[in-house]
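# Structural characterization, general
Chain by chain, the residues run as shown.
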Amino acid sequence: MKYNCTRNNNEQVSFKEAVIKGLTEQGGLYIPEQIPTLPSSFFEQMETMDDQAIAFQVLAPFVADSLNDEQLKQVIAETLVFPTPVVPVTENVGALELFHGPTQAFKDVGARFMSRCLSHFYDGKEVIILVATSGDTGSAVASGFYNVPGVTVKILFPKGKVSPYQEYQMTSLGKNIHVIEVDGTFDDCQALVKQAFNDEKLRKELAISSANSINIARLLPQMLYYFFAYKQLKTQLGNKKLVVSVPCGNLGNLTAGIIAKKMGLPIERFVAANNANDTFYNYLNTGEYHPKSSVLTYSNAMDVGAPSNFERLQYIYNDNLEAIKKDISSFRYDDDATLQEIEDCKNKNNYLLDPHGAVGKLALEASLNANEYGVFLETAHPQKFSEVIQKVIPNYESEAVDLSNCSKESMNNNYKELLQQLTVKAE
Ligand SMILES: *Cc1c(COP(=O)(O)O)cnc(C)c1O
């Protein structure tokens, strides 16, 4: 499979190059040149196959030019080390729980897959993975790349602006994971990272790469949990059609789901759940795309005003709004509605939602018909957002974290200091 650029049809690269480069020369994103379809026999037999075998069939066409069968099987085995169960919440709605991984958010799947791919591409030259994080990405990347040979990770986070729990997940590992607290905002961290990627002198000296969510190696494995959800539900669906609601930020999860559908997975349609950051909701309802600055909400991993994967969705649908609307509808909910839903769902269904899942469930139920079964993605464990949960469930206990044995570096918002940090050797 070759990968095209969303902005220029002449640039084509292998899977390996797409993973290592991250962004295309034109500043666009890599996208598979075509989406292969799986034979109907695959879907007929799915419930008899184990998850690793399903993952191999789904992913092999996308990576075959860069990983051999044995390598892919190994990457899959090291990625899929936790379950993704569909848990019934109401009679016709289930939660697809994606938070059973090491850092309790779905990003564990993509981060683990990408890190294992990179270690197979390792040719003796140390790679530095440089990321800026507002929380979840940093912890998933830290955990996913921990102890991976040939890779040193440098994570920049804004001082005092991630939760103690997220800081613990990043800073408790050590070894090849270097965490740097920046006296600044998330935007400052991101600007420093961008400056490093644009620094030609630096890039001649060091092999730096990015692990942010635009990397195709983080996107592709996210298709798998849609397949696993269908496998679990297949026999109980009967004549009902499957609808999936996705709490959206950069639209990576939604794009992965759409690719899975195009491969033939029987998902009738998707619901894109937005919080107050409603750029995509507005696009579907007005046909106009106006990216804007993000606003802070309780479901903060969805606080994205200019969703990066929008470009991939448009490419897949040839810019055809009507075709997108056939597959995806969108709803948006504010913080008050989110809190109310967390409280109601606990009282009525005895199921504890996290703020992202709450937005997903509201959007799903607004759109579900009688002949459909709905699944919403539970993208993070409620524990990660205990201070939000406690607003409506005061006796909800949060896990205490002990940061005393954690290690991090500190720096000012200054590019020279970043250059010094990048040359600190791994242990
Ligand atoms: C990253 C994240 C999202 C948003 O996912 P996208 O793929 O960026 O749309 C939603 N919920 C949680 C908990 C996340 O960490």
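None of the values given here were measured: they were computed from a predicted structure.

Attention shifts here to the state of the cysteines. Tallied over the entire structure, the rule returns zero disulfides. With no disulfide partner, C248 has as its closest neighbouring cysteine sulfur the one in C345, 19 Å distant. Judged by relative accessible area, which is 3%, C248 ranks as buried. Sulfur of C406: no disulfide; nearest cysteine sulfur belongs to C189 and is 18 Å away. Here C406 falls in the buried class, since its relative accessible area comes to 19%.

Within the secondary structure layout, Q421 lies in helix 19 (residues 415-422). Excluding anything up to four places from it in sequence, Q421 contacts K154, I180, E409, S410 and M411.

The next point concerns the environment of G150. Considering the arrangement of structural elements, one finds G150 in the loop between helix 6 (136-145) and strand 7 (151-158). Residue classification places G150 among the buried positions, given a relative accessible area of 11%. With 25 residues separating them in the primary sequence, G150 and K125 have C-alpha atoms 7.0 Å apart.

Judged by pairing direction, the sheet is antiparallel, and its three strands sit side by side in the order 2-1-3 without closing on themselves. In this open sheet, the two strands that pair with only one neighbour each are strand 2 (12-13) and strand 3 (30-32). In this structure, strand 1 (residues 3-5) lies alongside strand 3, joined through three bridges in antiparallel fashion. Within strand 3, the residue paired with N4 across the bridge is I31.

What follows concerns the packing of aromatic side chains. In this description, an aromatic ring pair is defined by two values, namely the gap between the centres and the angle between the planes. As enumerated under the stated definition, the model contains twelve aromatic pairs in all. Taking 5.7 Å as the distance between ring centres and 45 degrees as the angle between the ring planes, the aromatic pair formed by Y225 and Y226 counts as tilted. Residue classification places Y225 among the buried residues on the basis of a relative accessible area of 2%. An aromatic cluster is present here, built from F280, Y283, Y289 and F310 joined pairwise through their rings. Taking the ring centre of F56 as reference, the NZ or CZ of K73 above it sits at 5.1 Å.

Looking now at the packing of helix 11 (residues 224-237) against helix 12 (residues 252-262). For the pair helix 11 and helix 12, interaxial distance at closest approach is 8 Å and the crossing angle is 60 degrees. The angle between the axes of helix 11 and helix 12 places the two elements in the oblique class. Where helix 11 approaches helix 12, its residues Y225, Y226 and F227 are matched on the opposing element by N253, L254, A256, G257 and A260.

Geometry of a packed helix pair, given as the angle between the helix axes and the separation of the axes. Interaxial distance between helix 6 and helix 7 (residues 164-171) falls to 8 Å at its minimum, and their mutual angle equals 25 degrees. Regarding the angle of helix 6 to helix 7, the classification is roughly parallel. Crossing handedness for the pair helix 6 and helix 7: left-handed. For the pair formed by helix 6 and helix 7, the contact residues are D136, G138, S139 and A142 on the first element and Q166, Q169 and M170 on the second. Partitioned by chemical class, the residues of the contact of helix 6 with helix 7 number two nonpolar, four polar and one charged.

Criteria and thresholds
- Think of each chain on its own: its residues are numbered from 1, step by step along the sequence as written.
- Selection of residues for local features in this predicted model requires a pLDDT of at least 70, selection of side-chain atom pairs for listing and counting requires 80 or more, and totals for whole chains, interfaces and linings are taken over all residues.
- Excluding hydrogens and water, the side-chain values take into account all heavy atoms of the structure.
- Note on terminology: pairs of cysteine sulfur atoms within 2.5 Å are recorded as disulfides.
- Buried residues are those whose accessible area, probed at 1.4 Å on protein chains only, stays under 20% of the maximum for their type, while exposed residues exceed 50% and partly exposed ones sit between those limits.
- Secondary structure elements follow DSSP: runs of H or I no shorter than four residues count as helices, runs of E no shorter than two count as strands, and numbering proceeds from the N terminus.
- What makes two residues a contact is simply this: any of their non-hydrogen atoms within 4.5 Å.
- For two strands to be treated as a pair, DSSP must find no fewer than two bridges joining them.
- Paired rings are identified among Phe, Tyr and Trp, the last through its six-membered ring, by centres lying within 6.5 Å, and are further divided according to the angle between planes into stacked (under 30 degrees), edge-to-face (over 60) and tilted (the rest).
- Only lysine NZ and arginine CZ atoms are considered, and such an atom sits over a ring when it is within 6 Å of the ring centre and within 35 degrees of the ring normal.
- Angles here are taken between N-to-C directions and fall from 0 to 180 degrees, while the axes themselves are lines fitted to C-alpha atoms, restricted in helices to the stretch in contact.
- Throughout this description, any angle smaller than 35 degrees is read as roughly parallel, any larger than 145 degrees as roughly antiparallel, any in the 65 to 115 degree range as roughly perpendicular, and the remainder as oblique.
- Throughout, a crossing is termed right-handed when the near helix is turned clockwise from the far one, and left-handed when it is turned anticlockwise from it by less than a right angle.
- Polarity classes work like this: nonpolar for Ala, Val, Leu, Ile, Met, Phe, Trp, Tyr, Cys and Pro, charged for Asp, Glu, Lys and Arg, and polar for all others, with Gly in that last group.

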